[in-house]
Amino acid sequence: MKFSKNLQGKWSCSIKILANIISEIGIKVSKIKGFRPNQQTLSTTFSSRSCLKQDVVYDYFIMDEASQVDVATGALALSCAENVIIVGDTKQLPNVVTEKDREKAEAVFSRFQVHEGYHYTKSFLQSVLDVMPDVTQTLLREHYRCHPKIVNFCNQKFYRGELIITSAVKYRNI
């Protein structure tokens, strides 16, 4: 990995988490053609296109929190990769679009008859699901970041009780 030493620990941890996510959805990291664990570039979706020379293409692009990425930014990020893994949750907060921008965009979409799946006012994740409804999806069921009482509310309200709450040990003495 190529980045400053003070960020190395944080990003190394992120790479391990992403490898675990990839593994959980049924892909063995060692089996991914072109995946080289010591040759990653970490970037935001906003800068992924500009952080490499123009003739460089990523083997894999992993987009995390794709429900918070807009369609235009997500599409530009994908333009520099041969393969993609999209991670996100449609039940979480989407990208934020002001009402004024939404109205302007809807007028353009209507005028040019843009398919709803390509409306940039949607999240990139929702757009992918609209355009490719048969795409493989996997629910990452284990939840470990939130107090059990909070996540249990969300689990019952939005996930039909499908989440496995593993944060109970962390918050046992609170």
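Remember, predicted model here, so these are calculated numbers, not experimental data. (Residues numbered from 1 in each chain as written. Predicted model: local features only at pLDDT ≥ 70, side-chain atom pairs only at ≥ 80, totals over all residues. Heavy atoms only, no water.)

Student: Would you explain a nonpolar patch on the surface in this entry?
Tutor: On the surface, Val108, Phe112, Val114, Tyr118, Val131 and Met132 cluster together to form a nonpolar patch covering roughly 540 Å² of accessible area. Looking at where Met132 falls in the secondary structure, it is placed in the loop between helix H4 (124-131) and strand E3 (142-143). Relative accessible area serves as the criterion here: at 43%, Met132 is assigned to the partly exposed category. (Patch = residues over 30% accessible without salt bridge, like charges linked within 9 Å, V, L, I, M, F, W, Y side chains within 5 Å. Areas by Shrake-Rupley, 256 points an atom, 1.4 Å probe, with all protein chains shown as cover. Salt bridge = Lys/Arg side-chain N within 4 Å of Asp/Glu carboxyl O. Helix = DSSP H or I, 4+ residues; strand = E, 2+ residues; numbered from the N terminus. Buried < 20%, exposed > 50% of the residue type's maximum accessible area, 1.4 Å probe, protein only.)

Student: Help me out: how do you make sense of the pairing of strand E1 (residues 58-63) in this one?
Tutor: The two faces of the sheet receive side chains in turn, since in a regular strand these alternate between them. Of the pairings in the sheet, the one linking E1 to strand E2 (residues 81-86) comprises five bridges and is parallel in character. For Tyr60, the partnering residue across the bridge sits in E2 and is Asn83. Once the chain exits E1 it traverses helix H2 (residues 71-78) before rejoining the sheet at E2, and the crossover so formed is right-handed. (Pairing = 2+ DSSP bridges. Right-handed = clockwise from strand over helix to strand, strands pointing away.)

Student: Looking at this model, I keep getting lost on the pattern of salt bridges. Mind explaining?
Tutor: It is possible for side chains of opposite charge to pair when their charged atoms get near one another. Counted under the stated rule, the structure contains three salt bridges. Taking the shortest distance from any N to any O, the salt bridge between Glu116 and Lys122 comes out at 3.2 Å. The partner of Lys122 in a salt bridge is Asp130, and the shortest N-O contact between them spans 2.2 Å. One continuous salt-bridge network, built from bridges that share partners, spans Glu116, Lys122 and Asp130.

Student: Explanation requested: the environment of His115 in the structure shown.
Tutor: With respect to the element layout, His115 can be found in the loop between helix H3 (99-111) and H4. Relative accessible area serves as the criterion here: at 47%, His115 is assigned to the partly exposed category. Within the structure, His115 has its side chain in polar contact with the backbone nitrogen of Gly117 (distance 2.8 Å). (Polar contact = N/O pair within 3.5 Å; in protein donor to acceptor, adjacent residues only side chain to side chain.)

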